[in-house]
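Fold and geometry: a report
Residue-level listing of the chains:
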Amino acid sequence: MKSFKTNMIQHILHIFIRRTHFWRTVSVSEMAELYTSRVLRVMAMNMLGGFGAVYFYQLGYSLQFLAWFYVFLFGTRFLSIPLVVVIVARYGPKHSISISNLLFILAVLVLAATPILGIWTFLLMLPFGGFGRGLYDTAYLVDFSKVKHIEHSGKEIGLMQIIERFMTAAAPVMGGFIALLFGPSAMMIFAGVLMLVSASPLFFTSEPVKIHQKITLRHFNFKNTWKLMVAQIGVGADNNGSGLIWNIFVALVVLGAVNNAVYLKIGILSSVSLVASIAISYIYGKIVDKNSGIFLLKLSSIGNFLLYVFRPLISTPLQVASMNIANEFATTGYNIPATRGIFNTADGLPGYRVVFIAVMVSMLAVGDVLASLVLVVLTTIFSDVDALKNYYLVLAPLMLLILFHSSAIYRRGILTRFIHHV
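Residues numbered from 1 in each chain as written. Predicted model: local features only at pLDDT ≥ 70, side-chain atom pairs only at ≥ 80, totals over all residues. Heavy atoms only, no water.

Once that is clear, we can look at the pattern of salt bridges. Applying the stated rule across the entire model yields two salt bridges. The salt bridge partner of Asp137 is Arg133, with a shortest N-O separation of 3.1 Å. Of the two residues, Asp137 and Arg133 are both situated in helix α8 (residues 120-147); the distance of four residues between them amounts to about one turn of the helix. You can call Arg133 partly exposed: its relative accessible area is 31%. (Salt bridge = Lys/Arg side-chain N within 4 Å of Asp/Glu carboxyl O. Helix = DSSP H or I, 4+ residues; strand = E, 2+ residues; numbered from the N terminus. Buried < 20%, exposed > 50% of the residue type's maximum accessible area, 1.4 Å probe, protein only.)

Turning our eyes to something else, we now look at helix α4 (residues 63-79). The first and last C-alpha atoms of α4 sit 24 Å apart over 17 residues, in line with the 24 Å expected at 1.5 Å per residue. Restricting attention to buried positions, one finds in α4 the residues Leu63, Leu66, Ala67, Phe69, Tyr70, Val71, Leu73, Phe74, Gly75 and Arg77. (Expected span 1.5 Å × (residues − 1).)

As a further point, take the packing of helix α11 (residues 226-244) against helix α16 (residues 317-347). Their axes nearest at 12 Å, the elements α11 and α16 cross at an angle of 145°. Every pair of crossing elements has a handedness; the one defined by α11 and α16 is left-handed. On α16, the residues touching Leu228, Gln232, Val235, Asp238 and Ser242 of α11 are Asn327, Thr331, Tyr334, Ile342 and Thr345. Considered class by class, the residues forming the contact of α11 with α16 number four nonpolar, five polar and one charged. (Axes fitted to C-alpha atoms, helices over the stretch in contact; angles between N-to-C directions. Left-handed = near helix turned anticlockwise from the far one by under 90°. Contact = heavy atoms within 4.5 Å. Nonpolar A, V, L, I, M, F, W, Y, C, P; charged D, E, K, R; others polar.)

Moving on to the packing of aromatic side chains. Aromatic ring pairs are reported here in terms of the distance separating the ring centres and the angle at which the planes meet. Within the structure shown, the criterion is met by 18 aromatic pairs. Ring centres of Trp246 and Tyr392 lie 5.9 Å apart, and the angle between their planes is 85°; this geometry places the pair in the edge-to-face category. With Trp246 in helix α12 (residues 246-255) and Tyr392 in helix α18 (residues 384-395), this residue pair connects regions lying 146 residues apart in the sequence. By the burial criterion, Trp246 is buried, and Tyr392 matches it. (Phe/Tyr/Trp six-rings, centres within 6.5 Å; stacked < 30°, edge-to-face > 60°.)

Set out below in structure tokens:
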């Protein structure tokens, strides 16, 4: 039996999709269930968000130690991609998501027990956090790429962005309250419970792709994909800078303290972008479907580069709030057209959908590793505060790699009759 909460979310989304997406050819329930699962998953992820770095720093681990940990964490994610491909191809994306959720729950339990486990926490996090996240990202994108509608994928990605941005803004506040009242360990356990529930909506429809697929790179079209691989490195670096490290920057550079109260403060500062994120996700989705996605991606990528240049100058909570809003415009502006480009390319690679999307996920990990290595180097030269400021200046040029995504935004591929075959 599905819980009342998941039933309610799915019912609302089902009504919305049915009324506004009458042109769909796949089951509406498939998209509604994917949305429902994503709501709960993103809520759990963003309840933790970049709080992990703050939590470890609060426990006494140095910023340089944390930077090295992230190098190995994302390195593990990259190295585990071949295993990810095998699992998604053999069992399908929905079952793979469930496996990844179980690994996330184990990772959360390990995090909550950090004061007891000590250094063993970081060793256990490598397989749970590294492999588990790579498995989820690949499975989720494979699932979405199959159940989306070809001509209106911008709207669907936009709706998913609305869901993600809403939870990105709201979940940290909820997590901050829990951390303030009961401690950060309680917040992590609650996130684990949400993760346990998030996979349940996916088991009421069949797998969207063939299972027990044969995996091969023979005849894989690298000519049409290498630019996207380069672009994903930039996206991965941005995920590191604007997500993972940004909260520790706010805590150390702006708020100047790391305690239980800082979780709520960071959560509130993150939530101010809520209204902007909902509005722009809807508008951007329509823009992409009207074939203006390339201009949007280029403008947003350049804007994101400029934000990195200005991040070191942030010194007040009001400036943090303004930066968070501006980041919503830039990140969402490139993410919707870039994601559509990835899906369009996957549609044109019959038989290689899982492999291609896994490669895209692996390139995200490469970007994260590079960004973490930058922080390692900077923390050997500067104090923690100065290292964080210079970190954004060094990373800024990598944001321009995202421009390579413009090569595939409107690619339809060939032999469209194969689109729903793999």
